[in-house]
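Results of the structural survey
If you want the building blocks of each chain, they are given just below.
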Amino acid sequence: MTEIIEAIKRSALRISKAIVEEEFGYEGSINTCGEEQLKLDVLSDKIIEEELFKASSIKKIASEEKSEETQFHEDGKYLVAYDPLDGSSLVDVNLSVGSIFGIYEKTWSGKNLVASAYIVYGPRVELVVATVKAERFILRNGEFEFMQELQLEQKGKLNAPGATQKYWYPHHKALVESLFQEGYRLRYSGGMVPDLHQILVKGGGLFSYPGTEDKPQGKLRKLFEVFPFANIYEKAGGEAIDATGRRLLELNCNSLHETTPCFFGSHYEVAKVKEYYAKKA
Ligand code: AHM
Ligand code: MG
């Protein structure tokens, strides 16, 4: 595991440099999800693949930017899924972006996720790793320094509601409205890494990316985005569920790029989600 975390740190150093120094235009290609790839998406994917390959404990990897998994070391124990540059369409307006990693054993399933991590490329570069606890590190002079253990409060103050509002279901609109009526403040950049990071660091709230009338299964991918953050939120004392109230980490994954509606937060807000989604019929 240590060698995988070291590979993630080396990737962070190289990608943060690339974000500042390289061109951020389109590559001219389309990824598996039908999205146009930026040069930085392709470069970040290449950097991470190169760095992870140095870890002999990795059997295979899967990238959000590729349709198929890639075999690494036959004797390896771990499978690593990653989103090389999440929120990359925000680079042109200079908002924060991130890289997300899920480390699995045996099969690609929420139940087999054993650790996860993400990097935030903002004014500073930060790393959060969740093995037993969720721990935050800050990049200083080329090294990641431990900063704190992340711990969510029982109830937070922030609300980050994703997806296209026009297509929200009525029960989802009612949930979001009820949180605003209670005094929750809107904090949403459109990048799940900084949005979820803000809620974690500031003690709590709700991030949702629901199923909608146009996309009933939502947008966020289980392996690359949802399971890694579900683990981090649970390790920080919060909860992470789908639209039926199930723990996200209990879900299977039938294909590499499968998506699911998802809700991450402290106990109070997740209870609210369950209450409003139970009313939907
Ligand atoms: P990406 O992996 O293609 O960057 O997409 C994931 C991002 C998340 O960071 C964010 O929560 C979501 O897309 C926002 O998408 P949209 O603006 O389409 O609702
Ligand atoms: Mg992504």
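Residues numbered from 1 in each chain as written. Chains lettered and ligands numbered in written order. Predicted model: local features only at pLDDT ≥ 70, side-chain atom pairs only at ≥ 80, totals over all residues. Heavy atoms only, no water.

A word on the pairing of strand β3 (residues 58-63)
Here is the rule: A 1.4 Å probe rolled over the protein chains alone gives each residue an accessible area, and that area as a share of the maximum for its type sets the label: buried under 20%, exposed over 50%, partly exposed in between. Working definition: helices are DSSP H or I runs of at least four residues, strands are E runs of at least two. Numbering for both runs from the N terminus. Should DSSP find at least two bridges between two strands, the strands are taken to pair.
For β3, a buried count of 5 out of 6 residues is recorded, marking the element as mostly surrounded by other parts of the structure. By the bridge criterion, 5 bridges tie β3 to strand β5 (residues 78-86) in an arrangement that is parallel. Pairing of S63 across the sheet is with Y82, part of β5. Linking β3 to strand β4 (residues 70-71), which pair antiparallel, is a turn of 6 residues.

Observations concerning the packing of helix α4 (residues 192-201) against helix α5 (residues 222-235)
Rules: A fitted line through C-alpha atoms serves as each axis, taken over the contacting stretch for helices, and the angle formed by two N-to-C directions is quoted from 0 to 180°. Roughly parallel refers to an angle under 35 degrees, roughly antiparallel to one over 145, roughly perpendicular to one between 65 and 115, and oblique to any angle outside these ranges. In this analysis, two residues are considered to be in contact whenever any of their non-hydrogen atoms come within 4.5 Å of each other. Only Asp, Glu, Lys and Arg are considered charged, only Ala, Val, Leu, Ile, Met, Phe, Trp, Tyr, Cys and Pro nonpolar, and every remaining residue, Gly among them, polar.
Here α4 crosses α5 at 10°, and the two axes come no closer than 12 Å. As the angle between them shows, α4 and α5 are arranged roughly parallel. Facing M192, V193, L196, I199 and L200 of α4, the residues of α5 in contact are E225, F229, I232 and Y233. Split into classes, the residues belonging to the contact of α4 with α5 amount to 8 nonpolar, no polar and 1 charged.

As for the UniProt feature "domain: Fructose-1-6-bisphosphatase class 1 C-terminal" (unreviewed entry) in the protein chain
Rules: UniProt positions are given in the numbering used here, feature names are shortened, and annotations may be inferred rather than shown by experiment.
The UniProt record annotates "domain: Fructose-1-6-bisphosphatase class 1 C-terminal" (unreviewed entry) at residues 153-277. Counting secondary structure, residues 153-277 comes out at 38% helix and 14% strand; the distance between its end C-alpha atoms is 23 Å.

Observations regarding the environment of S208
Mapped onto the elements of the fold, S208 is located in strand β13 (residues 205-209). Overall, S208 belongs to the buried group, its relative accessible area being 1%. Note: C-alpha distance between S208 and F146 (62 residues apart in sequence) is 28 Å. What S208 contacts, discounting residues up to four positions off in sequence, is A160, P161, G162, H172, C262 and F263.

Some details on the site of ligand 1
Defined as follows: What makes a residue near a molecule or strand is one non-hydrogen atom of that residue sitting within 4 Å of it. Polar contacts here mean pairs of N or O atoms no more than 3.5 Å apart (in protein, one a potential hydrogen donor and the other a potential acceptor; neighbouring residues in sequence count only if both atoms are side-chain atoms). Only protein atoms enter the 1 Å grid used here. Points where a 1.4 Å probe fits but cannot escape make up a cavity, open sets with protein on both sides within 12 Å along at least five of seven lines make up a pocket, and a residue lines them when an atom lies within 4 Å of a point. The rule for placing a molecule in a cavity or pocket is simple: more than half of its atoms must lie within 2 Å of the grid points. The source of the domain bounds is an automatic or database domain assignment.
D86, G87, M192, Y209 and K219 are the nearest of the 16 residues found near ligand 1. Separating an oxygen atom of ligand 1 from a side-chain N or O atom of D86 is a distance of 2.6 Å. Mapping ligand 1 onto the cavity grids shows that it belongs to the largest pocket. For the shell around ligand 1, the elements supplying multiple residues, two or more each, are β5 and β13. Counted by class, the shell around ligand 1 contains 5 nonpolar, 4 polar and 7 charged residues. Inspection of the shell around ligand 1 shows a minimum of three residues originating in each of domain 1 (1-149) and domain 2 (158-279).

Here's the deal with the environment of L38
Counting through the fold element by element, L38 comes out in strand β2 (residues 36-38). Put simply, L38 and G28 are 10 residues apart on the chain and 7.7 Å apart in space, counted from C-alpha to C-alpha. When sequence neighbours within four positions are dropped, the list of residues in contact with L38 reads F24, G25, Y26, E27, S88 and S89.

What about the layout of surface pockets?
Over the atoms rolls a probe the size of a water molecule, and in doing so it shows where empty space is left. Our working definition: Grid points are joined across faces, edges and corners, and a volume is the space filled by probe spheres set on the points.
Taken as a whole, the largest pocket holds about 510 Å³ of empty space. Along its surface, the largest pocket is lined by 27 residues, and E35, G87, S88, S89 and K219 are the ones closest to its centre. Within the residue set of the lining of the largest pocket, elements represented by two or more residues are β2, β5 and β13. The residues that make up the lining of the largest pocket include at least three from each of domain 1 (1-149) and domain 2 (158-279). Counted as a void, the second largest pocket has a volume near 330 Å³.

A closer look at the coordination of the magnesium ion (ligand 2)
Keep this limit in mind: Shown as donors are all N, O and S atoms within 2.8 Å of a metal ion, widened to 3.2 Å for Na, K and Ca; because water is not in the atom set, sites may appear incomplete.
For the magnesium ion (ligand 2), the protein coordination sphere consists of D83 (OD), D86 (OD) and E225 (OE), at 1.9 to 2.1 Å. Between the donor residues of the magnesium ion (ligand 2), the gaps in sequence give the motif D-x2-D-x138-E. Highlighted residues: D86 in strand β5 and E225 in helix α5, separated in sequence by 139 residues. Judged on exposure class, the residue D86 and its partner E225 are both buried.

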